[in-house]
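# Tertiary structure, described
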Amino acid sequence: MQSPTNRPVAFQFPFMAASQPFAAAGSVPTSQTPNSPDTSNVGSHSDGASAVSSRDGDGEYRPSTSAWSAGRTAGRNTSPEHGDGTKLTEKCDRKWPKCARCVERGDECDYGNMVPVGALNELTEDGRVRQMERRIDQMELEMEDLKTQQDTSPAAFASNLRLAFLSGTQHSAEAYAFFGIDIHQGESGMSWRLAKTALSRALVLHLIDSFFVSCCAYLPVFAPYHSKLATIRDNIESLDAPTRVAVAGFCAMGARASPHSVGVLFNRTAELSIDLCLPKALLGIFVGDVKEWPLRPEVIEAGERREHACQKIQKNALDLCHSLGITETPTIPNLEALLVKTQMLIFDELVPRKSRNILRMAIGMFKDILDTEVPEEEKLAVVQRLGLPLFLADSITSSYARKPPLIVADDLESYFSRVNLHVDDFLTADLSELLDHYIPRSSTSGYVTHESLVNATTTLACWLACCQREFSILAMYRTVSTPLDVTKVFRLWAILDHIHDGMQRIQQILVNISYLPSGCESDGCADLHLRFDTRLDRDLMDVTYLLHGLVLQKCSQPTSFPQSSQNSVLMNESEKRVRKCLKLVAFYSQLYLTSQDHHMCYHLVWQLELLPNWTALACQRFGEVDGPRSQDLEVSETELDWFLKGLATASFFHPVARRRLREMQEWRRVARPEGGF
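Bear in mind that the values here come from a model prediction, so they are computed numbers and not experimental data.

## Things to note about the overall build of the protein
- Scanning the protein for helices and strands turns up 24 helices and 4 strands.
- Buried residues in the protein amount to 49% of all 677 residues.
- Look at the contacts in the protein between residues 6 or more apart in sequence, and 71% of them connect residues 24 or more apart.
- Roughly 32,700 Å² of accessible area belongs to the protein as shown, and the carbon and sulfur atoms make up 52% of that amount.

Rendered as structure tokens:
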């Protein structure tokens, strides 16, 4: 037997004070030592067991179950009986997760989430599984309560995030607090884990909505998704693989079109709960009103953060396309997803590389689908729905890349013959007569309908695509040493003029129309035709820029133009057309500044990068050496002001506009005074 001086100290629970063991109600705590085990001053139970400890046969002290029971009842106004006289169970039998006494009283047991080692040993495997399932159910209920307490709609998301500004890796407590996140706990905290799903959902829906309210969403390639948008929003966490890939592309394009600056906080090991492979904490923070002038410096500088975010989201979208095997099986949903990825890259690449590779796979998948044994009506539906988007994407990527079209003449006859792409009548038909067939030159009210406008703009789009194909064949790199065919260049300019006249005709009709075209009531697209027609005119100017670059390249080669007079005529005509385009871009900049889609200013500026020296050309004045050859070709002071405002707004969406803005501010000079310079 151990001596009194070597006896161990009585056991105390971790949450007990070292000098005060739990006492029964009404008792006075006293100091206890191994040499004085008398606990007469400590409350005891009816069975006479000590409330602190008991001595076993070898004289050592063991903690008594009465200590647990006494500690739990300390400070409570307990009664030995129920109201009906039933005797209460006073001892804690230490059953887990609830002792019999707490079950009988209907109390919460003090065990809480702590599981005794002994209880774990006694649990069977099935028992542990049931306990885990109950805990998971409890956490799911907590998460559902969190969702119902918060409004995570895109409108509420945008409104609440305007409270704070986020840049780089700076955290915003106000922005996170909207989703119930305590940033002091870190990303491992319970508040972050509970709010992550709501945060992810709100962010993705915001980016999707930002894209579908932009002008870009009404290109033919995105037509299949407008009818699916409501279903996508309602089932964002359980989309099929092709739709997930398409939605990831919408998010990448929505990040560019969003009226909010985008900052990204990356966690390399984590993904969103909805598994769209987006960065875990993508936050759109409004930093100023892009309608106010002059713009705040924070607004102009936001393009750097936005570009960083867009590139990351775009890369994740491409990785998702590969990981889900979208390119492996030729199905219509997979083909639609590939076309979304192609257009996403077309918006971002001046020299198509990735977009051309994905488009090559999409064209192959399109042929495989049509070559399978499916009903003819299904083949016809596929061609009519996806044939035009494929043709337009191939035309624009081929012209920008200066490479031959991927869709060759045999393909047009074998796979695209059921959709009227106007390839055969491109060089022989009269465009104005084709437009008269859809929109007759009449003043009768109601002669313009939604269907007639769609047919007219589709015809213009096909003719423009044919011009792009002609340019790609004319400018292929393998013909770099071949003399330029001047006749083909002037013929291409003439066709571009006819297309531009057709676009202006539709613009004038839509601007002056006094009634809502029939068929536009259901989808609210009364002004979408005007926006799409204006976009086509902007794409037409791209062909003018590309032709100017080709003329400059060929004119620098003596073997291309043996006669200097021919060289001079071609150069003068090309420069004149470019200067007219710059004046038109200034006008469109002002137009987009007064519209609801300010991000179109970015597209204007981005495509001007096809002309490396465009800012210098815009700032040149009539009468200067190498300046405009006439007063009407000079960019006026008013137009330069429109340029500056458009560039400042575009800086909010892309960093290249900020550099061009500084150049124009530095190089701008006053108009020519009377009498010359």
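That shown, we press on.
## What about the environment of Leu460?
- In this fold, Leu460 is placed in helix α17 (residues 450–474).
- Leu460 sits in the buried class, given a relative accessible area of 0%.
- Residues Leu460 and His498, spaced 38 residues apart in sequence, show a C-alpha to C-alpha distance of 9.7 Å.
- Filtering out sequence-adjacent residues up to four positions away, Leu460 remains in contact with Leu431, Leu435, Ile499, Gly502, Met503, Ile506, Asp533 and Leu536.

## Focus on empty space enclosed by the protein
- Inspection of the entire model under this criterion finds 6 cavities of 30 Å³ or more.
- What the largest cavity holds in volume is close to 400 Å³.
- Considering the residues around the largest cavity, the lining is formed by 26 residues, among which Leu219, Gln343, Ile346, Ile396 and Asp539 are closest to the centre.
- Every element with two or more residues in the lining of the largest cavity is listed here: α12 (332–348), α14 (376–401), α17, α19 (528–555) and α21 (600–607).
- With 6 residues, the top contributor of residues to the lining of the largest cavity is α19.

## Details of the state of the cysteines
- Under the defined criterion, the tally for this structure stands at 0 disulfides.
- Free cysteine Cys216: the closest other cysteine sulfur is in Cys215, separated by 6.1 Å.

## Re the nonpolar core
- If you look at the biggest cluster of nonpolar residues, it comprises 138 residues, and the most contacted ones within it are Phe250, Ile499 and Phe643.
- Per-element accounting of this core gives the leading share, 12 residues, to α17.
- When residues no more than four places from it in sequence are discounted, the contact partners of Phe643 are Leu582, Val585, Ala586, Leu608, Trp614, Ala618, Val635 and Met664.

## A few points about the layout of surface pockets
- By volume, the largest pocket amounts to about 860 Å³.
- Around the largest pocket, the lining comprises 25 residues; the ones closest to its centre are Tyr218, Pro220, Ala223, Val454 and Thr458.
- The element contributing the most residues to the lining of the largest pocket is α17, with 7 residues.
- Residues that form the lining of the largest pocket fall into these classes: 13 nonpolar, 10 polar and 2 charged.

Basis of the calculations
- Residues numbered from 1 in each chain as written.
- Predicted model: local features only at pLDDT ≥ 70, side-chain atom pairs only at ≥ 80, totals over all residues.
- Heavy atoms only, no water.
- Helix = DSSP H or I, 4+ residues; strand = E, 2+ residues; numbered from the N terminus.
- Buried < 20%, exposed > 50% of the residue type's maximum accessible area, 1.4 Å probe, protein only.
- Contact = heavy atoms within 4.5 Å.
- Areas by Shrake-Rupley, 256 points an atom, 1.4 Å probe, with all protein chains shown as cover.
- 1 Å grid on protein atoms, 1.4 Å probe; cavity = no way out; pocket = protein on both sides within 12 Å on 5 of 7 lines; lining within 4 Å.
- Points joined across faces, edges and corners; volume = space filled by probe spheres on them.
- Disulfide = S-S within 2.5 Å.
- Core = buried A, V, L, I, M, F, W, Y, C linked by side-chain atoms within 4.5 Å.
- Nonpolar A, V, L, I, M, F, W, Y, C, P; charged D, E, K, R; others polar.

Honestly, that's just the spatial picture; any functional story needs more than this.
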